[in-house]
Amino acid sequence: MPSPDAAALARRRWARAGAVYLLLLAFSLLFIGPFLFAVLSSLKDNPTEWPPRLDPPQLEPRNWAAAYRLGKLGGGSGWFGAFAPGAVVPFEVTYRVTPEAAAQGITTPDVRVPRRVPGAGAGAVRLGPFASDFAEVSPPEVASRLVHTDGSVVVTWRFTVRHTGDETVDRLPLDVLVPRGYEFVGATLSPNRVERLGRVQSWNSITPGVIPYVLYNYTRVFRENYSRTTGKNLFLTWIGNSLWIAVVKVLTTLAFASLAGYALARLRFPGRQAVFLVMLFSMMVPGQVTFISNYLVLRDGIFGLSRLWGMPTLLNSFTGLILSGLVGASAVFIMKQFFESLPRELDEAARIDGASPLVTFYRVVLPLARPALGALTILTFQGVWNEFFWPLVVLTSPQDKFTLPVGLLMFRRTYGVAFDWGPLLAGAVVSALPIVVLFVVFQRYFVEGISFSGLKG
């Protein structure tokens, strides 16, 4: 049985621990909050809406079930939807008619299937086919009618949209127009937009399937961007280009940085300190200072050496982009600092057993360097994946050669000029996901590597 003083100390200890956890939680929300808000906004039809909503219709399970059911009724799968020949899609909308409007008589809504493109950018130049070419809307019928004591009337109209053609389309947009005095209450599927002071409810598709409804902007990013020359999906191509360059640069950085760091930290040779000082100096030179010289070196094919393998210039090629960043001075510095933290008795014991410096490196020292190599992997991958300026200079055309950050710049020109921010935001979120996943998976090595290499903070 604890004494009163011991109980008070325990409560105080728990209170301090709770305060620390609350503070850490507040800081985590502060740092990760903008990313979560960007993810939430990327799901919305209008990411710049004001005031911003935290509960968009895309996150309501009721709409998920409706999107799945309507997608199957449209003749597609419940996940991706469609509007196929022979499909009959039932739909209901409910309005509250104000007493003033009800006194003038109930008017049936005007239901239309518009000839609408998905949005700005590549979607705006879509040639067809369109659902409006095949859709036939039945006259709306009153499904239910409820008169309230204040004189207002809540009316539910039911209608169907039938496919009368022979081509399958991926979207079935719909507009419902009502007179003044009609307040939207609900529908089979929540509308994507409410326009003209509430007189028009608009759907991007009433047979969307779950994924295009919830991830509408993301599906646009993948569906609307194709190369005019090769027909490849540009967004997937950009992701593949960034991944390929990042993986190659990570491998070359690990190989060269570990070898150079080991040599500078453990071997004794003339000029070792001078080499280290030059490396430190190169870390202090901004990239803008060496930008033009690096550009000229690539333009001339590294003093003409690239002509040996049939490339007169290394500009506009992955080879030039990779060769110009095989390893960085900061990576060598991290590995040198780590290797200096290991006891020299390891080298001496290996030398007594007859191991050469290279065997000692591969068999003894390198296996102990996993924390530093893990940290270096994360830092290098993050830097290469997000690199924008240098790939923008080196890779100019065609669009199939762009990396993901450079491709997102094209999104700004394509969608941003029309204030169609949804696909741009979705592309930015997709570009951030690999870094988040990589850090979550390798965070233990990252923390250990940074602490071992002495780069705290």
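Residues numbered from 1 in each chain as written. Predicted model: local features only at pLDDT ≥ 70, side-chain atom pairs only at ≥ 80, totals over all residues. Heavy atoms only, no water.

Below, the discussion takes up the overall build of the protein chain. Helix and strand counts for the protein chain come out as 16 helices and 9 strands. Relative to its length of 457 residues, the protein chain is extended, with a C-alpha radius of gyration of 31 Å against a globular reference of 23 Å. Overall, the protein chain is about 100 × 85 × 40 Å in size when its C-alpha atoms are taken along their principal axes. Scored against the burial criterion, the 457 residues of the protein chain give a buried share of 41%. Considering only residue pairs separated by 6 or more positions, the protein chain has 70% of its internal contacts joining residues 24 or more positions apart. Accessible surface computed for the protein chain: about 24,900 Å², of which carbon and sulfur atoms make up 65%. (Helix = DSSP H or I, 4+ residues; strand = E, 2+ residues; numbered from the N terminus. Rg over C-alpha atoms; globule rule 2.2 N^0.38 Å. Buried < 20%, exposed > 50% of the residue type's maximum accessible area, 1.4 Å probe, protein only. Contact = heavy atoms within 4.5 Å. Areas by Shrake-Rupley, 256 points an atom, 1.4 Å probe, with all protein chains shown as cover.)

Let us look at the UniProt feature "transmembrane region" (unreviewed entry) in the protein chain. When the UniProt feature table is mapped onto this chain numbering, "transmembrane region" (unreviewed entry) sits at residues 20–43, 243–264, 276–298, 318–339 and 421–442. As annotated, residues 243–264 comprises 100% helix and 0% strand, and the C-alpha atoms at either end are separated by 31 Å. (UniProt positions renumbered as here; feature names shortened; annotations may be inferred.)

Let us look at the packing of aromatic side chains. Tallied over the entire structure, the rule returns 22 aromatic pairs. Plain terms: the ring middles of Phe222 and Phe235 are 5.0 Å apart, the flat faces sit at 90° to each other, and that makes the pair edge-to-face. Placement of the pair is Phe222 in helix H5 (residues 216–224) and Phe235 in helix H6 (residues 234–266), with a sequence separation of 13 residues. By relative accessible area, which is 27% here, Phe222 ends up partly exposed. Considering the side-chain rings of Phe338 and Phe339, the 6.0 Å spacing of their centres and the 65° angle between planes classify their relative orientation as edge-to-face. (Phe/Tyr/Trp six-rings, centres within 6.5 Å; stacked < 30°, edge-to-face > 60°.)

Looking now at the sheet that holds strand S9 (residues 200–203). Read across the open sheet, the 4 strands follow the order S2-S6-S9-S8; overall the sheet is antiparallel. This sheet does not close on itself; its edge strands, each paired only once, are strand S2 (110–112) and strand S8 (193–195). Averaged over neighbouring strand pairs, the angle between their axes works out to 15° when direction is ignored. Pairing of strand S6 (residues 174–177) with S9 involves 4 bridges; the strand directions are antiparallel. In the strand pairing of S9, Leu174 is matched with Trp203. (Pairing = 2+ DSSP bridges. Axes fitted to C-alpha atoms, helices over the stretch in contact; angles between N-to-C directions.)

Another aspect to go through is the pattern of salt bridges. Summed over all chains, the structure comprises 16 salt bridges. A salt bridge links Arg223 to Asp170; the nearest nitrogen and oxygen atoms lie 3.8 Å apart. With Arg223 in helix H5 and Asp170 in the loop between strand S5 (153–163) and S6, this pair connects stretches of sequence that are 53 residues apart. By relative accessible area, Arg223 is classed as partly exposed at 39%. Its relative accessible area of 28% is what places Asp170 among the partly exposed residues. Bridged by salt links that share partners, the residues Arg96, Asp150 and Glu183 form one connected network. (Salt bridge = Lys/Arg side-chain N within 4 Å of Asp/Glu carboxyl O.)

So, on to the nonpolar core. Among the nonpolar cores identified, the biggest contains 36 residues, and Phe235, Trp238, Phe381 and Phe411 are the most heavily contacted of them. Secondary structure elements with two or more residues in this core: H5, H6, helix H9 (318–323), helix H13 (370–386), helix H14 (389–394), helix H15 (404–414) and helix H16 (421–453). In terms of residue count, the dominant contributor to this core is H6 (7 residues). Sequence-distant contacts of Phe235, that is, excluding residues within four places in its chain, are made with Val221, Phe222, Asn225, Leu404, Leu408, Phe411, Gly427 and Val430. The next biggest cluster of nonpolar side chains, apart from the first, holds 34 residues, and it includes Ala67, Phe91, Leu174 and Trp203. (Core = buried A, V, L, I, M, F, W, Y, C linked by side-chain atoms within 4.5 Å.)

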